[in-house]
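Architecture and fold: a report
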There are 2 protein chains.
Amino acid sequence: MQRSSPKKDAILREATKLFSENGYWDTSISDIAHATGVAEGTIFYHFHSKEELFLAVLQKFKTELISSFHQFLDTHEFADGLEMLEASITFYLQQTRKMEERFLLLHRHHYYQIAEDNQKCWHHLEDIYSSLISIFEQAIIKGQKDCSIKPVSTKNKALLIFTLVDGLVRLNTYKLYRADELYNDLIESCRSMLQSTT
Amino acid sequence: MQRSSPKKDAILREATKLFSENGYWDTSISDIAHATGVAEGTIFYHFHSKEELFLAVLQKFKTELISSFHQFLDTHEFADGLEMLEASITFYLQQTRKMEERFLLLHRHHYYQIAEDNQKCWHHLEDIYSSLISIFEQAIIKGQKDCSIKPVSTKNKALLIFTLVDGLVRLNTYKLYRADELYNDLIESCRSMLQSTT
DNA sequence: TTAGAAACTGAATGAGTACTCAGTCAAAAA
DNA sequence: TTTTTGACTGAGTACTCATTCAGTTTCTAA
């Protein structure tokens, strides 16, 4: 019978923090063990390898992120598609702030490197991205039905909007520019990309 | 007196290739030495450390990239600002294809990590990004003078356009989506973001 | 021709690393 | 109570890797 193991959760929590602060390679198992207050062996008792631990962090992020999106869509009503799109962008930016560390981790390159020869990792990334993009896509589809959005390739426009929003998040995390100040311009740009000119 | 050292160039060339293929941590000095056909010691004769070699790759990229932009602007005439912007986007996408490895390296996260406590690295990144963004900005300024582009905050719009274009490049390098197919939508979106509605 | 400097070598070093494993401990099952 | 089993430990192992350095080769200026 499985007994409860609070240390497993603690390890996952500290690993998330350290990986996103310092990256995969600059975080040693010994660092994580120290931060958690656990022996190194304990980490390997719960996770077969460092890479598996790293993937467990991604996996947990994925489930929490996707469920937060479902909750968002289930609990909100929108007047029209364009409003839904704007609300989705705002919600997305909120999430990136709330789950800041893990979005940073997502933007780091190492997951993409692992994904090259690890299908599981690739699927996690794909799931995350498609769930992000699909919110925008659903809004565009709705908007095209109610004519608040002009007829365009929904998939492609959703990708471009996603790219735009996610690019801002990246500029922010890298601290290259103050992305906050771009919020109004972002919304306005999306509107002119999509709005029916009636 | 300094003698010519073809091996230094060869090291830099192979390092660029290996770093962009496998990343910083998965590329050892011994790998680079083997690939170049040089003893490990030779690398440390020319570069004080692995990190310095990594930065030398960035430095070289920066100078070549910036000079290619200057050449582009010096040798082209544009009917109006909007045309200049479209041409700049096309040129930028061309460059990312021509310097594919190095753009991949730029998108990898490790430079940003080093930049956190290495001013030199931070300046390289800043120079690269501002030179990229300034092309778009110049086009927008020109377009506002000749009224092909509506009056907007040039800096912010340039950032958003950059974000959009660069996002596509990233989607491409990560092979998450076929970004080629988005080219037309990209241009069209930029146009509706900027075009005067006259 | 030769001294001296620059370019280059590669074995040795030592710091760090992921991971193993024999064994301890505590709680649940018998 | 005794036995079993899952959770946990941490010293030990095997290995990788950046960096060093004493020495060799190659070039050039005098």
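Quick summary incoming for the structure in this document. In this convention, every chain numbers its residues from 1, walking through the sequence in written order. Each chain takes a letter, starting from A, and each ligand takes a number, starting from 1, following the order in which they are written. Per-residue local features are limited, in this predicted model, to residues with pLDDT of at least 70; the limit for side-chain atom pairs, both in listing and counting, is 80 or more; totals at the level of whole chains, interfaces and linings are taken over all residues. Side-chain numbers come from the whole structure's heavy atoms, not from hydrogens or water.

Some remarks on the overall build of chain A
Here a strand is any run of E in DSSP of at least two residues, a helix any run of H or I of at least four, and the numbering for each starts at the N terminus. For chain A, the helix and strand inventory stands at 10 helices and zero strands. Mapped in sequence order, the helices and strands of chain A form the string α-α-α-α-α-α-α-α-α-α. Its C-alpha atoms give chain A principal-axis dimensions of about 65 × 40 × 30 Å. Of all 198 residues assigned to chain A, the portion counted as buried reaches 55%. Using the Shrake-Rupley algorithm and a 1.4 Å probe, accessible areas are obtained, with residue cover drawn only from the displayed protein chains. In the form shown here, chain A has an accessible surface area of approximately 9,700 Å², with 49% of it arising from carbon and sulfur atoms. By the counting rule applied here, Lys and Arg register as positive and Asp and Glu as negative, while His and the ends of each chain are not counted. Every charge is mapped to an atom, namely NZ of Lys, CZ of Arg, CG of Asp or CD of Glu. Where the 22 positive side-chain charges of chain A centre and where its 27 negative ones centre are 3 Å apart. Burial classification: accessible surface area is computed with a 1.4 Å probe over protein chains only, and a residue below 20% of its type maximum counts as buried, one above 50% as exposed, and the rest as partly exposed.

So, the relation of the copies chain B and chain A
Overlay of chain B on chain A (RMSD 0.1 Å): rotation 180 degrees, translation along the axis 0.0 Å. Such a combination of turn and shift is consistent with a two-fold rotation axis. To line up the copies, we fit them by least squares on C-alpha atoms, keeping just the residues with pLDDT of at least 70 in both.

Observations concerning empty space enclosed by the protein
Every definition here rests on a 1 Å grid over the protein atoms only: cavities are sets of points where a 1.4 Å probe fits but cannot get out, pockets are open sets enclosed by protein on both sides within 12 Å along at least five of seven lines, and lining residues have some atom within 4 Å of a point. Grid points are joined across faces, edges and corners, and a volume is the space filled by probe spheres set on the points. One pass over the structure, following the stated rule, counts four cavities of 30 Å³ or more. Space inside the largest cavity adds up to approximately 220 Å³. Along the walls of the largest cavity sit 18 residues, with Trp25 and His110 of chain A together with Trp25, His109 and His110 of chain B positioned nearest its centre. A breakdown of the residues in the lining of the largest cavity according to their chemical character gives six nonpolar, nine polar and three charged. Here the second largest cavity defines a volume of roughly 130 Å³. Residue assignment for the lining of the second largest cavity shows that the elements contributing at least two residues are helix H6 (100–107) and helix H9 (154–173) of chain A together with helix H9 (154–173) of chain B. Here the term charged refers only to Asp, Glu, Lys and Arg, the term nonpolar to Ala, Val, Leu, Ile, Met, Phe, Trp, Tyr, Cys and Pro, and the term polar to all other amino acids, Gly among them.

Here's the deal with the interface of chain B and chain A
In this complex, chain B contributes 38 residues to the contact, which on the side of chain A involves 38 residues. Summed over both partners, the interface of chain B with chain A comes to about 3,600 Å²; 63% of that surface belongs to carbon and sulfur atoms. Buried surface area refers to the total accessible area, computed with a probe of radius 1.4 Å, that the two partners give up upon joining, counted for both partners together. When the buried surface of chain B facing chain A is broken down by residue, His109, Leu160 and Tyr177 of chain B rank first, second and third, together holding 17% of it. Counted as a polar contact is a pair of N or O atoms within 3.5 Å, where, for protein atoms, one must be capable of donating a hydrogen and the other of accepting one, and residues adjacent in sequence contribute only when both atoms are in side chains. Counting across the chain B and chain A interface gives 12 residue pairs in polar contact (both at pLDDT 80 or more). The contact criterion used throughout is that any non-hydrogen atoms of two residues lie within 4.5 Å.

Some points on the state of the cysteines
Disulfides are defined as pairs of cysteine sulfur atoms found within 2.5 Å of each other. Within this structure, the stated rule accounts for zero disulfides over all chains. With no disulfide partner, Cys147 of chain B has as its closest neighbouring cysteine sulfur the one in Cys190 of chain B, 20 Å distant.

A short note on the nonpolar core
Here, nonpolar core means buried Ala, Val, Leu, Ile, Met, Phe, Trp, Tyr and Cys residues that are tied together by side-chain atoms lying within 4.5 Å of each other. Ile89 of chain A together with Ile89 of chain B are the most contacted members of the largest nonpolar core, which totals 139 residues. Beyond its immediate chain neighbours, meaning those up to four positions away, Ile89 of chain B contacts Phe136, Ile161, Val165, Leu186, Ile187 and Cys190 of chain B.

Some thoughts on H9 of chain A
Over its 20 residues, H9 of chain A extends 28 Å from the first C-alpha to the last, a length consistent with the 28 Å expected when each residue adds 1.5 Å. For H9 of chain A, the tally of buried residues reaches 17 of 20 residues, placing the bulk of the element in the interior. Helix span is expected to be 1.5 Å times the residue number reduced by one.

With respect to the packing of aromatic side chains
Residues and elements named next belong to chain A. Under the pairing criterion, centres of Phe, Tyr and Trp rings, with the six-membered ring standing for Trp, must be within 6.5 Å; the plane angle then separates stacked pairs below 30 degrees from edge-to-face pairs above 60, leaving the rest tilted. For the structure shown, the criterion picks out 26 aromatic pairs over all chains. Ring plane angle 10 degrees and centroid distance 4.1 Å describe the contact between Phe72 and Phe91, whose orientation is recorded as stacked. Note that Phe72 is positioned in helix H4 (residues 50–75) and Phe91 in helix H5 (residues 81–98), a separation of 19 residues in sequence. The same class applies to Phe72 as to Phe91, namely buried.

Notes on unusual backbone geometry
Negative phi values dominate among residues other than glycine, just as trans dominates among peptide bonds. The residue Cys147 of chain A is not glycine, and still its phi comes out positive at about 65 degrees. The topology assignment puts Cys147 of chain A in the loop between helix H8 (119–145) and H9.

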